[in-house]
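# Fold and contact review
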Amino acid sequence: MPVLNVGVLGCAAIAQRNTIPALVADPSVRLVAVASRSREKAEAVAQRFGAEPVTGYAELLDRVDIDAVYIPLPPALHPEWVAKALAAGKHVLAEKPLATSHAEAAELVAAAEAGNRLLLENFAFLHHGQHATVQRLIDEGAVGEPRSLTAEFGFPPLPSGDIRYQPSLGGGALLDAGVYTLRAASLFLGPDVRVEGAALRMDPTTGVDIGGAALVSTPDGRTGQLSFGFDRSYRCAYTIWGSEGTITLERAFSTPATHRPVLRLQRQDHVEERTLPAEHQFAAQVAHFARSILEHQDPTPAGQDILRQAALVDAVRSRGARARSGE
């Protein structure tokens, strides 16, 4: 059985909780090495996951026994290290968001295409089967014709030293939480979704956006209302509202591997709740990444998804700035 040899650039806590364990558990993947700027951190994480520690990201990229890398660095560091990984001939799975702007994303996608390498943005929620169930119900006409989407992802304030409060590292609620709602809009409203308006709530102390909302639409008149932030109580859900009913999913984006999602279907005087199977979305994402490479699948669609997503993020940021200036 072919095996994908993978290295990890960075030891972020979220990577240790989710994606690195999924890499280790996948039979088609071999975790070769973990790199950190700190030798002590590299050794601690590598020992935990049965890999080799490497001091320095460049040193890991120089290795010839690594086919692909997972990059869980802060967003502002992605342009440098994703580009270097692609230049070294590695396939790349990078944490979302891939870049902080469409211009950055376009350069990275172009580099991946030039080297015929897969560049994938780590939106693991897309690989949870609950969303396929929602789409199947929509296709079957369970709610009639879809008219609109509401999507929310927010959580309470973070510790004061969290990197998501640092503009220089690509902080802010739009890049951390809002990107999920935008990706859901593309998933259910289609690739031609566009941003009509947006508002961002800025923190005057840190200079990052800590909350916001966006209105999106499609050329045929379907709409989406998206809300996000780390200045509010926890919510992680979306609702599809159709001509004859609604479908709602809670815990839609950060679904724990042991959680059995509950889908709520409502039509006129009928309410139905379906408990769906528990699934490990990070395991599914890793399996998709490895399979795409080992089976030599076309990497172009992943690049197109990245560019559409980055364009939406830019549009929300631009519309939010215009709203603050009173334009």
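Everything that follows concerns the structure shown earlier in this document.
What comes next is a walk through the structure.

## Here we look at the overall build of the protein chain
Of regular secondary structure, the protein chain possesses nine helices and 14 strands. For the protein chain, whose C-alpha radius of gyration is 20 Å, the value lies close to the compact-globule estimate of 20 Å for 327 residues. Dimensions of the protein chain along its principal axes, counting C-alpha atoms only, are 60 × 50 × 40 Å. A buried classification covers 52% of the 327 residues belonging to the protein chain. Look at the contacts in the protein chain between residues 6 or more apart in sequence, and 65% of them connect residues 24 or more apart. Approximately 14,400 Å² of the protein chain is accessible, and the part contributed by carbon and sulfur atoms is 51%.

## A few points about the environment of Thr258
Position of Thr258 among the secondary structure elements: in the loop between β12 (246-250) and β13 (262-267). A relative accessible area of 73% places Thr258 in the exposed class. C-alpha separation for the pair Thr258 and Ala287, spaced 29 residues apart in sequence, amounts to 18 Å.

## Things to note about the sheet that holds strand β10 (residues 223-229)
Overall, mixed pairing links the eight strands, which are arranged β8-β9-β10-β7-β11-β12-β13-β14 in an open sheet. On the outer flanks of this sheet lie β8 (194-202) and β14 (270-275), each paired with one strand and no other. Between one strand axis and the next, the sheet turns by 10° as a mean value, whatever way the strands run. Bridge count between β12 and β13: four bridges; the pairing is antiparallel.

## A word on helix α7 (residues 173-189)
In an α-helix, one turn spans 3.6 residues, which is why side chains three or four residues apart end up on the same side. Between its terminal C-alpha atoms α7 stretches 22 Å, which fits the 24 Å expected from 17 residues at 1.5 Å a residue. At Val179, α7 shows its maximal bend, which comes to roughly 45°. Most of α7 is tucked away: 16 of the 17 residues are buried. Just beyond α7, the residue with positive phi is Gly190, at close to 110°.

## Focus on the pattern of salt bridges
Enumeration over the complete set of coordinates arrives at 20 salt bridges. Notably, a salt bridge pairs Arg183 with Asp305, separated by 3.6 Å at the nearest N-O pair. Placement of the pair is Arg183 in helix α7 and Asp305 in helix α9 (residues 300-325), with a sequence separation of 122 residues. Overall, the relative accessible area of 12% leaves Arg183 in the buried class.

Thresholds applied
- Residues numbered from 1 in each chain as written.
- Predicted model: local features only at pLDDT ≥ 70, side-chain atom pairs only at ≥ 80, totals over all residues.
- Heavy atoms only, no water.
- Helix = DSSP H or I, 4+ residues; strand = E, 2+ residues; numbered from the N terminus.
- Rg over C-alpha atoms; globule rule 2.2 N^0.38 Å.
- Buried < 20%, exposed > 50% of the residue type's maximum accessible area, 1.4 Å probe, protein only.
- Contact = heavy atoms within 4.5 Å.
- Areas by Shrake-Rupley, 256 points an atom, 1.4 Å probe, with all protein chains shown as cover.
- Pairing = 2+ DSSP bridges.
- Axes fitted to C-alpha atoms, helices over the stretch in contact; angles between N-to-C directions.
- Expected span 1.5 Å × (residues − 1).
- Bend = angle between axes of the 7 residues up to and from the residue.
- Salt bridge = Lys/Arg side-chain N within 4 Å of Asp/Glu carboxyl O.

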